[in-house]
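# Structure assessment
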Amino acid sequence: MINQMEQAIDGYEKMTADRREAMRGILQRYVEGDMGIDEAYCELLDAGLIPMPSRCAMKPKIASEGDEARLKDLIRAKILR
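The present account deals with the structure reproduced in this document. What you see is a predicted model; the values in this text were computed from it and never measured.

## Thoughts on the overall build of the protein
Scanning the protein from N- to C-terminus turns up four helices and zero strands. For the protein, contacts bridging at least 24 residues in sequence account for 64% of all contacts bridging at least 6. For the protein, the exposed surface amounts to about 5,400 Å²; the carbon and sulfur share of it is 51%.

## Describing the side chain of glutamate 6
Along the polypeptide, glutamate 6 turns up in helix 1 (residues 2-10). Relative accessible area serves as the criterion here: at 14%, glutamate 6 is assigned to the buried category. In this view, glutamate 6 contacts Arg70, Leu71 and Leu74; residues no more than four positions away in its chain are not counted.

## A few points about the packing of helix 1 against helix 4 (residues 65-78)
Packing of helix 1 against helix 4 leaves a shortest axis separation of 10 Å and a crossing angle of 10°. Classed by the angle they form, the pair helix 1 and helix 4 counts as roughly parallel. When helix 1 is examined against helix 4, the residues Ile2, Met5, Glu6, Ile9 and Asp10 are found in contact with a partner set consisting of Asp67, Glu68, Arg70, Leu71, Leu74, Ile75 and Lys78.

## Remarks on the nonpolar core
If you look at the biggest cluster of nonpolar residues, it comprises 22 residues, and the most contacted ones within it are Met5, Met23, Leu27, Tyr30, Leu44, Leu71 and Ile75. At the level of elements, helix 1, helix 2 (17-31), helix 3 (37-46) and helix 4 are the ones that each hand at least two residues to this core. Contacts of methionine 23, omitting those with residues within four sequence positions, involve Ala8, Tyr12, Met15, Leu44, Leu49 and Ile79.

## A look at the packing of helix 2 against helix 3
Across the interface, helix 2 lies against helix 3 with an axial gap of 9 Å and an inter-helix angle of 175°. Looking at the two axes, helix 2 sits roughly antiparallel to helix 3. For the pair helix 2 and helix 3, the contacting residues are Met23, Ile26, Leu27, Arg29 and Tyr30 in the first and Ile37, Ala40, Glu43 and Leu44 in the second.

## A word on helix 1
In an α-helix, one turn spans 3.6 residues, which is why side chains three or four residues apart end up on the same side. Taken together, the buried positions of helix 1 are occupied by Ile2, Gln4, Met5, Glu6, Ala8 and Ile9. At its buried positions, helix 1 is contacted by helix 2, helix 3 and helix 4.

## Re helix 3
Buried within helix 3 we find Ile37, Ala40, Tyr41, Leu44 and Leu45. Viewed end-on, helix 3 has its buried residues packed into an arc of 135°, placing them on one side of the element. Considering only its buried residues, helix 3 is in contact with helix 1, helix 2 and helix 4. Phi turns positive, to about 75°, at glycine 48, one or two residues after helix 3.

Criteria and cut-off values
- All residue numbers refer to positions counted from 1 along the written sequence of the respective chain.
- Owing to the predicted nature of the model, reporting of local features is limited to residues with pLDDT of at least 70; listing and counting of side-chain atom pairs is limited to 80 or more, with chain, interface and lining totals taken over all residues.
- Note: side-chain values were computed over all heavy atoms of the structure, leaving out hydrogens and water.
- The numbering of helices and of strands both runs from the N terminus, where a helix is a DSSP run of H or I of at least 4 residues and a strand a run of E of at least 2.
- Contacts are assigned to residue pairs that have any heavy atoms within 4.5 Å of one another.
- The accessible surface values rely on the Shrake-Rupley method and a 1.4 Å probe; as for residues, cover is taken only from the protein chains in view.
- Relative accessible area decides the class of each residue, using a 1.4 Å probe on protein chains only: under 20% of the type maximum gives buried, over 50% gives exposed, and in between gives partly exposed.
- All axes here are fitted lines through C-alpha atoms, helices being fitted over the stretch that makes contact, and every angle between N-to-C directions spans 0 to 180 degrees.
- Angular relationships are summarised with four words: roughly parallel below 35 degrees, roughly antiparallel beyond 145, roughly perpendicular across 65 to 115, and oblique for the angles in between.
- Among buried residues, the Ala, Val, Leu, Ile, Met, Phe, Trp, Tyr and Cys ones that are joined through side-chain atoms within 4.5 Å form a nonpolar core.
- What the arc describes is the spread of directions from the helix axis to the C-beta atoms.

Distances and angles like these do not, on their own, reveal function.
Given below as structure tokens:
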């Protein structure tokens, strides 16, 4: 989940303006604590901003606090600057 979100963030600059705006809105609410990582991930999937993982790649992985902190730092650096 975090890897897919990081890949989407890395491709942020290449997105169209409307896709960047949608992603920024979702990730800003996540960083501000208005939603958890699971909800942010689902909204990104629903909006088509990250690809639906293949069934065999869907394995539950509990994100550690360090992983989430690193993800939020990446969002702040690349998207919410």
